[in-house]
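# Tertiary structure, described
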Number of protein chains: 2
Amino acid sequence: MSLVAVGSIALDTVINPFKKAVDALGGSGTYFSYAASYFNKVKLVGVVGKDFPGKYLIEMKKRNVELTGLEIVKGPTFRWTGEYKFDMNVRETKNLALGVFADFKPVLPESYKKAGYLFLGNIHPALQLDVLKQMYVRPALVACDTIDFYIKTDLQKLLKVLKRVDIFFVNDSEAREISGVSNLITAGKKLMQLGPKMVVIKKGEHGCLLMTSSWKFSAPAYPLENVFDPTGAGDSFAGGFMGYISTVKKISKDEIKRALIFGTVTASYCVEDFSVNRYRTLKKAQIVGRFKELKKITHFENI
Amino acid sequence: MSLVAVGSIALDTVINPFKKAVDALGGSGTYFSYAASYFNKVKLVGVVGKDFPGKYLIEMKKRNVELTGLEIVKGPTFRWTGEYKFDMNVRETKNLALGVFADFKPVLPESYKKAGYLFLGNIHPALQLDVLKQMYVRPALVACDTIDFYIKTDLQKLLKVLKRVDIFFVNDSEAREISGVSNLITAGKKLMQLGPKMVVIKKGEHGCLLMTSSWKFSAPAYPLENVFDPTGAGDSFAGGFMGYISTVKKISKDEIKRALIFGTVTASYCVEDFSVNRYRTLKKAQIVGRFKELKKITHFENI
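Quick look at the structure, then. What you see is a predicted model, and the numbers here were worked out from it, not measured in a lab.

## Here we look at helix H7 (residues 184-193) of chain B
All names here are of chain B. Burial in H7 covers these residues: Leu184, Ala187, Gly188 and Leu191. Down the axis of H7, the buried side of the element spans an arc of 100°, and every buried residue falls inside it. One or two residues past the end of H7 sits glycine 195, with phi positive at roughly 145°.

## Remarks on the nonpolar core
Counting 175 residues, the largest nonpolar core has Ala5(A), Leu120(A), Ala143(A), Ala5(B), Leu120(B) and Ala143(B) as the members making the most contacts within it. With sequence-adjacent residues up to four places away left out, Leu120(B) is seen in contact with Val6(B), Gln128(B), Val131(B), Leu132(B), Val142(B), Ala143(B), Cys144(B), Val161(B) and Val165(B). One finds Ile9(B), Phe78(B), Trp80(B) and Val100(B) within the second-largest nonpolar core, a separate group that totals eleven residues.

## Structural notes on the sheet that holds strand E12 (residues 208-211) of chain B
All names here are of chain B. Taken together, nine strands build an open sheet; the order of strands is E5-E4-E1-E8-E9-E10-E11-E12-E13 and the sheet is mixed. Here the strands that pair on one side only, and so sit at the sheet edges, are strand E5 (65-73) and strand E13 (216-219). On average, adjacent strands in this sheet sit at an angle of 15° to one another, irrespective of strand direction. Relative to strand E8 (residues 117-120), strand E1 (residues 3-6) is paired through four bridges, and the arrangement is parallel. In the sheet register, valine 6 faces E8, and the bridge partner there is leucine 120. Contacts from helix H3 (residues 125-134) reach E1, strand E4 (42-49), E8 and strand E9 (141-144), with the element oriented near 165° to E8.

## Re the interface of chain A and chain B
Listed as interface residues are 29 residues of chain A and, on the opposing side, 29 residues of chain B. When contributions to the side of chain A that touches chain B are tallied by element, the ones reaching two or more residues are helix H7 (184-193), strand E13 (216-219), helix H9 (253-270) and helix H10 (284-298) of chain A. In the side of chain A that touches chain B, the residues fall into eleven nonpolar, eight polar and ten charged.

Each value, and the rule that gives it
- Residues numbered from 1 in each chain as written.
- Chains lettered and ligands numbered in written order.
- Predicted model: local features only at pLDDT ≥ 70, side-chain atom pairs only at ≥ 80, totals over all residues.
- Buried ≥ 20, exposed ≤ 12 C-beta atoms within 10 Å, placed from the backbone.
- Helix = DSSP H or I, 4+ residues; strand = E, 2+ residues; numbered from the N terminus.
- Arc of directions from axis to C-beta.
- Core = buried A, V, L, I, M, F, W, Y, C linked by C-beta atoms within 7 Å.
- Contact = placed C-beta atoms within 7 Å.
- Pairing = 2+ DSSP bridges.
- Axes fitted to C-alpha atoms, helices over the stretch in contact; angles between N-to-C directions.
- Nonpolar A, V, L, I, M, F, W, Y, C, P; charged D, E, K, R; others polar.

Purely geometric stuff here, so don't read any function into it on its own.
What follows is the structure in structure tokens.
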């Protein structure tokens, strides 16, 4: 079934202790699409300015990312500048220039409105709601993500989104912030009370925790020695998850677990290079390779 | 094969946001022994003062903890006072009174000196070395733990210990401190270069990571909503691990993985109450129950 994703498409300047990337392809919608495209076609919804390099559009199309829902409007593309310090866990936003993203009003093409899977990526919750309302039929699976900024500035709207989604992808710190509790299991339960049937708490280098009312699942991050640029890891994780799950015959517990592992290993490649660079050479077989390796790293036999 | 453990035996005063425990049974050797005793007999080496309550000695004996190596000397038992704040991840040592522990010189009884398994718990690295030297034959498996304090005050002695052990149980922050690197995989590799064939990095609520030169294994913490008192979790983890592994016919990769899971789930009970209280009612079958549950939480099927 088809997969629609809305999110930001940006030009990122990223500084880490080793190197600097200027105006590199970024944004939540981009990372999500590049990751998901290993599994399914992605119908992207977003906006860029006239300054957005055409080569990226060509690349996206080649990767099976449909751009009918991408608006190209007058003005500068959304730009973000961030810096990582030595330990790669602390990110500082140095500059944020919304550009054409400031007035973004997503409009879904007709061909998107019957999609079975919808990912509401990191954009203002009011726009996430708007996208959901434009669907002719409620998709079989709706997932959303958010960022700290919207929790602080428009929690009420975010709560409205949460009421209407099946899966909420959320960072550990955001889960604590929204729920008001420190314990992640309790936080996850409280988040489920807000609407989502499933909460996926992303813990960065510590992996992730999936919770439903009746079962839990936990996966470590794929063990990596060289984390070059963590930007986009969370969106790539959601992309791997949603990309895989949108292709299964029947959504079952087993398939959801596999989706979580595919999210994990797809994201593990993202952080090995700046921007979506790693995906430019990465093959599906390598993703499957780490899937199998992660099985070895986590599985044990009963006594 | 028999299991010898050396560590502190203390009377702890623990304050958390809900309650306070005064002069409760604690210490690394104690937690280790209580946890390991679910799997094997433990030959404990340690020291207490004359003020140490006899009821605890009776309880230890009943739990299959041999006390031939426990010295009872004039003076006060080691006392530690700590406080946990609301989020349970930050511990503050309020008071430390070494008492008889200050002049502790472990002396191994003859019956201990041929043990096949040795755990060098949290005591000064010079004393850990001393215990190892007293063994008639080098045990089949030697593991050690340490604390931040000895890394800061006597790293050279600790490095001598590391040269001679098979397994190093270490916190993530300590692993980073000793290795000087932030990435845990790289840190683990550097620690292995110091001697241990196996490094087990304990990450608290994020579980643990086991590394050898040829394979890795990762386990999440058992998901708990109510963490009442994290004191002793690391020692209980090592206790479950060493207790189990000391009973297997042949130490294999599969058995080591099982040992790590037994360490994880045995420790998960420790934190549910003050001191070793939870172990006073806990049955082996409950440990096995969480072992099986953790399998459900982490296992997934290949595509």
